[in-house]
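Each chain, written out:
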Amino acid sequence: MKANPVFSLYIPTKLVFGCGEIKKLSSEKLPGKKALVVISSGTSMRKYGYLERVLAQLRLNNVETLVYDKILPNPIKEHVMEAAAICREEKCDFVVGLGGGSSIDSAKSIAVMACNDGDYWDYVSGGSGKGRPVTKALPIIAIPTTAGTGTEMDPWTVITHETAQEIGFGCQLTFPTLSIVDPELMVSIPPHLTAYQGFDAFFHAAEGFIANCATPISDLYALEAIRLIYKYLPVAVADGKNLKARAKIAWASTLAGMVEATSSCTSEHSLEHAMSAYYPQLPHGAGLIALSEAYFETFRHDCTKRYMKMAEMMTQKKSNRPSDFIDALITLQKECKVHSIKLSEFGIQSEDFPKFLQNARDTMGGLFTLDPRPITDEEILHIFKNSYK
């Protein structure tokens, strides 16, 4: 970050945060009377009663609902287009994303395509996207049941094209109008997914802190998110019913989403999205964890003071060297029982590394411009090689 920064702050989302606050959905002023509720193809939203709670609150607010329940863990363009067509046919006024980042991201993309012609990839920048401007979108309400993506407070949505392109996209119209973050909806997440999602939030904050576009406001959000995750993620992983820990991690994830709205991820996310584009069974957080030690080691001498500051927030001790941050990162991974992730377990082979590199450059090359310094292809291949087990 420059010594005399020039920056702007724009987060137009109304945030309602706290245990039990899902009930506010029945009394908040909503942007219409008919909603498409977007959930994943899994069973958890119905199994744990989250979908019915949301539908009941919407009924109390005199809102008619339809449910779209096909979203995959790495959401695809086909489902965005299908759901957008339903929105148009049924004349929905707004879209509700309920669940993890995949459902909320999809809700954002559906909201765009419900109001625009052509194909979703016409509006995406990067890869084979045509980068057409988005001039209208349906309002979006975000109700996360996971703590990781922070998508409830930023404009970004990540969708996969059938040609192995997994690209982040967003504009002012894809900020949610309203986000309700209720940690009580997160207690059912199993330990390994709690860890994967928590580390996604951690890397949003850490990457946003070292990005060359970081600002004084994003630094505040990032450092508090880093502090909270280091202290409370191991607790939430060990005891998912611990509401205090769940609430702290939910708040950290929301803060990290605000980092995404005021700074940016760096190329670590480009590298992971390239892997997930070819291997959609790879959870995003798991891929980031696998890459992280080698990735942050690459920039250790470029962000000395920032690494030391992150280490101090994590350990609450004075840092004397930038590697203290990497040591603390490894400690956190071990405490959350995710340090031994093997990329090979998800089918990834070492001969895949060159195509990952090219895919990352082609589809999400913009994030490379926000790295602390330009990263070379040789360094990227070294990161993949050192992350591989």
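Our structure's up above, just so we're on the same page.
Residues numbered from 1 in each chain as written. Predicted model: local features only at pLDDT ≥ 70, side-chain atom pairs only at ≥ 80, totals over all residues. Heavy atoms only, no water.

When helices and strands are tallied, the chain shows 13 helices and eight strands. Relative to its length of 389 residues, the chain is compact, with a C-alpha radius of gyration of 20 Å against a globular reference of 21 Å. Judged by the C-alpha coordinates and their principal axes, the chain covers about 60 × 45 × 45 Å. Every one of the 389 residues in the chain was classed for burial, and the buried ones make up 59%. Across the chain, every contact between residues at least 6 apart in sequence was considered, and the portion connecting residues at least 24 apart equals 79%. Surface summary for the chain: the accessible area is close to 15200 Å², and the carbon and sulfur share equals 54%. Each charge class in the chain was averaged separately, 40 positive and 43 negative side chains, and the resulting centres sit 6 Å apart. (Helix = DSSP H or I, 4+ residues; strand = E, 2+ residues; numbered from the N terminus. Rg over C-alpha atoms; globule rule 2.2 N^0.38 Å. Buried < 20%, exposed > 50% of the residue type's maximum accessible area, 1.4 Å probe, protein only. Contact = heavy atoms within 4.5 Å. Areas by Shrake-Rupley, 256 points an atom, 1.4 Å probe, with all protein chains shown as cover. Lys, Arg positive; Asp, Glu negative; His and termini not counted. Charge placed at Lys NZ, Arg CZ, Asp CG, Glu CD.)

Applying the stated criterion across every chain, the model contains 24 salt bridges. One salt bridge connects Glu21 with Lys23, and the closest N-O pair in it is separated by 3.2 Å. A residue is classified by how much of its surface remains accessible, and Glu21, at 13% relative accessible area, is buried. With a closest N to O distance of 2.9 Å, Arg132 and Asp117 form a salt bridge. One end of the pair, Arg132, is in the loop between helix 4 (101-113) and strand 5 (140-144); the other, Asp117, is in the loop between helix 4 and strand 5, with 15 residues separating them in the sequence. Taking the relative accessible area as the measure of exposure, Arg132 reaches 36% and is therefore partly exposed. In this structure, a network of salt bridges that share partners links the residues Asp117, Asp122, Lys130 and Arg132. (Salt bridge = Lys/Arg side-chain N within 4 Å of Asp/Glu carboxyl O.)

What follows concerns helix 8 (residues 267-278). Here helix 8 is 12 residues long and its end C-alpha atoms lie 17 Å apart, about the 16 Å a rise of 1.5 Å per residue gives. When you tally the buried positions in helix 8, you get 11 out of 12 residues, the bulk of the element. Buried within helix 8 are the following residues: Ser267, Glu268, His269, Ser270, Leu271, Glu272, His273, Ala274, Met275, Ser276 and Ala277. Of the surrounding elements, those touching the buried residues of helix 8 are strand 6 (157-161), strand 7 (165-169), helix 5 (191-210), helix 9 (284-298), helix 12 (353-363) and helix 13 (377-387). (Expected span 1.5 Å × (residues − 1).)

Before going further, it helps to examine the side chain of Ser106. By the secondary structure assignment, Ser106 is in helix 4. Judged by relative accessible area, Ser106 falls into the buried class, the value being 0%. Side-chain polar atoms of Ser106 contact the backbone oxygen of Ser102, separated by 2.7 Å. Not counting residues up to four positions away in its chain, the partners in contact with Ser106 are Val38, Ile71, Pro75, Thr157 and Ile159. (Polar contact = N/O pair within 3.5 Å; in protein donor to acceptor, adjacent residues only side chain to side chain.)

On to the sheet that holds strand 1 (residues 14-17). The strand order 1-8-5-4-2-3 describes an open sheet built from six strands, whose pairing is parallel. Only two strands of the sheet have a single neighbouring strand rather than two, namely strand 1 and strand 3 (64-71). Going across the sheet, the axis of each strand differs from the next one's by a mean of 15 degrees, ignoring polarity. For strand 4 (residues 94-99) and strand 5, the ladder comprises five bridges, and the chain directions are parallel. When the sheet's bridge partners are listed, Val96 is paired in strand 5 with Ile141. The sheet strands contacting helix 3 (residues 77-90) are strand 2 (34-40), strand 3 and strand 4, and the helix crosses strand 3 at an angle near 165 degrees. (Pairing = 2+ DSSP bridges. Axes fitted to C-alpha atoms, helices over the stretch in contact; angles between N-to-C directions.)

What follows deals with the environment of Glu28. Its place among the elements puts Glu28 in the loop between strand 1 and strand 2. Along the primary structure Glu28 and Met153 are separated by 125 residues, whereas in three dimensions their C-alpha atoms are 18 Å apart. Sequence-distant contacts of Glu28, defined by excluding residues within four places in its chain, comprise Lys14, Val16, Asn61 and Leu178.

The tendency in soluble globular proteins is for nonpolar side chains to be buried side by side. Judged by nonpolar contacts, the single largest core of 77 residues is most densely connected at Phe199, Phe202, Leu271, Phe296, Tyr307, Met310 and Phe325. Residue contributions to this core peak at 13 residues, all from helix 6 (residues 216-238). Contacts of Phe202, omitting those with residues within four sequence positions, involve Ile226, Ile229, Met314, Phe325, Leu329 and Leu332. Formed by 28 residues, the second largest nonpolar core is a distinct cluster that contains Val95, Ala114, Tyr120 and Tyr123. (Core = buried A, V, L, I, M, F, W, Y, C linked by side-chain atoms within 4.5 Å.)

Right, let's talk about helix 12 for a bit. Residues of helix 12 that are buried: Phe353, Phe356, Leu357, Asn359, Ala360 and Thr363. An end-on view of helix 12 places all buried positions within 165 degrees of arc, on one side of the element. Packing partners of the buried residues in helix 12 comprise strand 7, helix 8 and helix 13. (Arc of directions from axis to C-beta.)

Function-wise, these values are silent; they only describe arrangement.
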